[in-house]
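# Coordinate inspection notes
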Amino acid sequence: SRKSQGHRTKTAEQFKQSRTAVLFSSDVSARGMDYPDVTDVIQIGITTKEQYIHRLGRTARAGKKGEGLLLLAPHEEFFTRQLKDLPITAAPAAVDPDVLNNVNNALRRVDNRTKEQAYVAWLGFYNSSTGKMGWDKRRLVEEGNRYALEILGCAGLPGILKKTVGMMGLKGVPGLNLVSELPGQGGGGGGRGGGGGRGG
């Protein structure tokens, strides 16, 4: 979503012309884009019912077949209630140990600043759904911290700007590492963390 229109257009054309390809995209491709012969759409995490349908509509176009896969964490399963009138089949999750090992190895190569941004984006994304998940703000921070340390493998608890905490309505919630400025930004700039998406 933060790419230029020229970059988006070039990437879309490359994807359309490829015989086999995988396109990672934000919702900028969910509407009004026709990618012929897309066989699978994989969506990760909660969204709205309308957006789920638009994303899924990138496959099975013009009488062709296609499938969709929606991956949800346990705390996101409430979203399936919004989709109960759609033909969805639940499937148990299974984690291949080799795949998990590959993911963990890849995460070790991600720079810490990117992980810190993913943490703040995670907090911002789930902050608006705490009621639906049955979480209070304290639980949100606890789960966010677990995500940063155990899933992303951050070296320590990432700092989060005091102004970002205020904008998220998390002021006074224990467990946050409040900072006045982020490393390398020298003035307290930085991401708002108020929506972003899952992990950037």
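Residues numbered from 1 in each chain as written. Predicted model: local features only at pLDDT ≥ 70, side-chain atom pairs only at ≥ 80, totals over all residues. Heavy atoms only, no water.

### Some words on the environment of R58
- Mapping R58 onto the fold places it in the loop between α2 (49-56) and β2 (67-71).
- If we skip the residues at most four places from it in the chain, R58 touches S29, A30, R31, G32, M33, D34, Y35, V38 and V41.
- Among the polar contacts listed, one links the side chain of R58 to the backbone oxygen of M33, at a separation of 2.3 Å. (Helix = DSSP H or I, 4+ residues; strand = E, 2+ residues; numbered from the N terminus. Contact = heavy atoms within 4.5 Å. Polar contact = N/O pair within 3.5 Å; in protein donor to acceptor, adjacent residues only side chain to side chain.)

### Details of a nonpolar patch on the surface
- Residues I42, I44, L69 and L71 make up a contiguous nonpolar surface patch of about 380 Å² in total accessible area.
- Of all the elements in the fold, those that place two or more residues in the nonpolar patch are β1 (40-44) and β2.
- Among the secondary structure elements, I42 is positioned in strand β1. (Patch = residues over 30% accessible without salt bridge, like charges linked within 9 Å, V, L, I, M, F, W, Y side chains within 5 Å. Areas by Shrake-Rupley, 256 points an atom, 1.4 Å probe, with all protein chains shown as cover. Salt bridge = Lys/Arg side-chain N within 4 Å of Asp/Glu carboxyl O.)

### Considering the pattern of salt bridges
- Per the stated rule, a full pass over the model turns up 9 salt bridges.
- The residue R55 makes a salt bridge to D27 at a minimum N-O spacing of 2.6 Å. Of this pair, R55 sits in helix α2 while D27 sits in the loop between α1 (5-17) and β1, and the two are 28 residues apart along the sequence.
- Judged by its relative accessible area of 19%, R55 is buried.
- In this structure, D34 engages R61 in a salt bridge whose closest nitrogen and oxygen atoms are separated by 2.9 Å. One end of the pair, D34, is in the loop between α1 and β1; the other, R61, is in the loop between α2 and β2, with 27 residues separating them in the sequence. (Buried < 20%, exposed > 50% of the residue type's maximum accessible area, 1.4 Å probe, protein only.)

### Observations concerning the side chain of N145
- Residue position: N145 is located in helix α6 (residues 137-151).
- What makes N145 buried here is its relative accessible area of 11%.
- Once residues lying within four places of it in the same chain are set aside, the contact partners of N145 are Y119, L157 and G175.

### Structural notes on the pairing of β2
- Note: β1 against β2, 5 bridges, orientation parallel. Each residue of the ladder has a partner; that of Q43, found in β2, is L70. (Pairing = 2+ DSSP bridges.)

### Considering the pairing of β1
- Here β1 shows a buried face lined by V41 and Q43 and an unburied face lined by D40, I42 and I44.
- With respect to chirality, the unit in which β1 leads through α2 into the neighbouring parallel β2 is right-handed. (Right-handed = clockwise from strand over helix to strand, strands pointing away.)

### Some remarks on the confidence of the model for the protein chain
- Of the residues in the protein chain, 91% reach a pLDDT of 70 or more, and the chain-wide mean stands at 88.
- Across the protein chain, α6 holds the top mean pLDDT of 97, while α2 sits lowest at 91.
- Confidence drops under a pLDDT of 50 for residues 187-200, and excluding neighbours within four residues, the segment shows 33 contacts in the predicted structure. (pLDDT = per-residue confidence, 0-100.)

### Looking at the packing of helix α4 (residues 112-127) against α6
- Running from N to C, α4 and α6 cross one another at 150 degrees; their axes reach a closest spacing of 10 Å. Classed by the angle they form, the pair α4 and α6 counts as roughly antiparallel. Considering how the two elements wind past one another, α4 and α6 form a crossing that is right-handed. Contact residues: A118, Y119, W122, L123, Y126 and N127 in α4; K137, L140, V141, E143, G144, N145, Y147 and A148 in α6.
- Of the residues assigned to the contact of α4 with α6, the class counts are 9 nonpolar, 3 polar and 2 charged. (Axes fitted to C-alpha atoms, helices over the stretch in contact; angles between N-to-C directions. Parallel < 35°, antiparallel > 145°, perpendicular 65-115°, else oblique. Left-handed = near helix turned anticlockwise from the far one by under 90°. Nonpolar A, V, L, I, M, F, W, Y, C, P; charged D, E, K, R; others polar.)

### Focus on the packing of aromatic side chains
- Overall, the coordinates contain 6 aromatic pairs when judged by the stated rule.
- Considering the side-chain rings of Y52 and F79, the 6.5 Å spacing of their centres and the 75 degrees angle between planes classify their relative orientation as edge-to-face. Pair noted here: Y52 is in helix α2 and F79 is in the loop between β2 and α3 (97-108), with a separation of 27 residues, a long-range link.
- The rings of W122, F125, Y126, W135 and Y147 are connected pair by pair, giving a single aromatic cluster. (Phe/Tyr/Trp six-rings, centres within 6.5 Å; stacked < 30°, edge-to-face > 60°.)

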